[in-house]
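Architecture and fold: a report
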Amino acid sequence: QVQLVESGGDLVQAGGSLRLSCVASGSIFNINVMGWYRQAPGKQREPVATITKSGTSDYADSVKGRCTISSGNAKNTVYLQMNSLKPEDTAVYYCNATNIWNTRDYWGQGTLVTVSS
């Protein structure tokens, strides 16, 4: 019902910046929260940042001050601006969308971010 298409993952040097994009399509009327999660090798998938339809955002402690989540005016596009990247930020980053009843989660295919030292 909802499709998420991610882009922006790349190889970047430590200290560099990267912007990830996620475009939602399909039955997005009931989507209330979108966000970014990441999964590093050998680790559990963890939330990075989320944003509600009303604009409230939340961040993991590990990225506070370095990352900003935002949405386009159409509310179907979510960005994650990442600055001062560290090697420990290396992970597959996934876009996520949740409906207003919190009964369904949709996931993108993931985009790989590799930060070299």
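Keep in mind that what you see is a predicted model, and the values were worked out from it rather than measured.

1. Notes on the packing of aromatic side chains
All told, the structure shown has two aromatic pairs when counted by the stated rule. With a centroid separation of 5.1 Å and an interplanar angle of 70 degrees, the aromatic rings of Tyr-37 and Trp-107 are classed as edge-to-face. Taken as a pair, Tyr-37 in strand 4 (residues 31-39) and Trp-107 in strand 10 (residues 105-107) lie far apart in primary sequence, 70 residues in all. With a relative accessible area of 36%, Trp-107 lands in the partly exposed category. Across from the ring centre of Tyr-94, 3.7 Å away, lies the NZ or CZ of Arg-45, which sits over that ring. Over the aromatic face of Trp-107 sits the side chain of Arg-45, whose NZ or CZ is 4.7 Å from the ring centroid.

2. Some words on the sheet that holds strand 8 (residues 77-82)
Read across the sheet, four strands follow the order 1-3-8-7 without closing on themselves; strand pairing throughout is antiparallel. Lying at the two open borders of the sheet, with one neighbouring strand each, are strand 1 (2-7) and strand 7 (67-71). Within the sheet, the average angular offset between the axes of one strand and its neighbour, ignoring direction, is 15 degrees. The pairing of strand 3 (residues 18-26) with strand 8 spans six bridges and is classified as antiparallel. Looking across to strand 8, one finds that Cys-22 is bridged to Val-78.

3. A few points about the nonpolar core
For soluble globular proteins, nonpolar side chains are generally found buried alongside one another. Counting residues in hydrophobic clusters, the biggest one holds 28 residues, and the most contacted among them are Leu-4, Leu-20, Met-34, Trp-36, Leu-80, Met-82 and Tyr-93. Those elements that provide at least two residues to this core are strand 1, strand 3, strand 4, strand 5 (46-52), strand 7, strand 8, strand 9 (91-99) and strand 11 (111-116). Here Met-34 is in contact with Leu-4, Cys-22, Ala-24, Thr-50, Ile-51, Ile-69, Val-78, Cys-95, Asn-96 and Ala-97, once residues within four sequence places are set aside.

4. Thoughts on the pattern of salt bridges
Side chains that differ in sign of charge can pair as their charged atoms come close. This structure, assessed with the given rule, holds four salt bridges. In this structure, Asp-61 engages Lys-64 in a salt bridge whose closest nitrogen and oxygen atoms are separated by 3.1 Å. Exposure remark for Asp-61: the relative accessible area of 64% places this residue in the exposed category. In this structure, Asp-89 engages Arg-66 in a salt bridge whose closest nitrogen and oxygen atoms are separated by 2.8 Å.

Cut-offs applied
Residues numbered from 1 in each chain as written. Predicted model: local features only at pLDDT ≥ 70, side-chain atom pairs only at ≥ 80, totals over all residues. Heavy atoms only, no water. Phe/Tyr/Trp six-rings, centres within 6.5 Å; stacked < 30°, edge-to-face > 60°. Helix = DSSP H or I, 4+ residues; strand = E, 2+ residues; numbered from the N terminus. Buried < 20%, exposed > 50% of the residue type's maximum accessible area, 1.4 Å probe, protein only. Lys NZ or Arg CZ within 6 Å of the ring centre and 35° of its normal. Pairing = 2+ DSSP bridges. Axes fitted to C-alpha atoms, helices over the stretch in contact; angles between N-to-C directions. Core = buried A, V, L, I, M, F, W, Y, C linked by side-chain atoms within 4.5 Å. Contact = heavy atoms within 4.5 Å. Salt bridge = Lys/Arg side-chain N within 4 Å of Asp/Glu carboxyl O.

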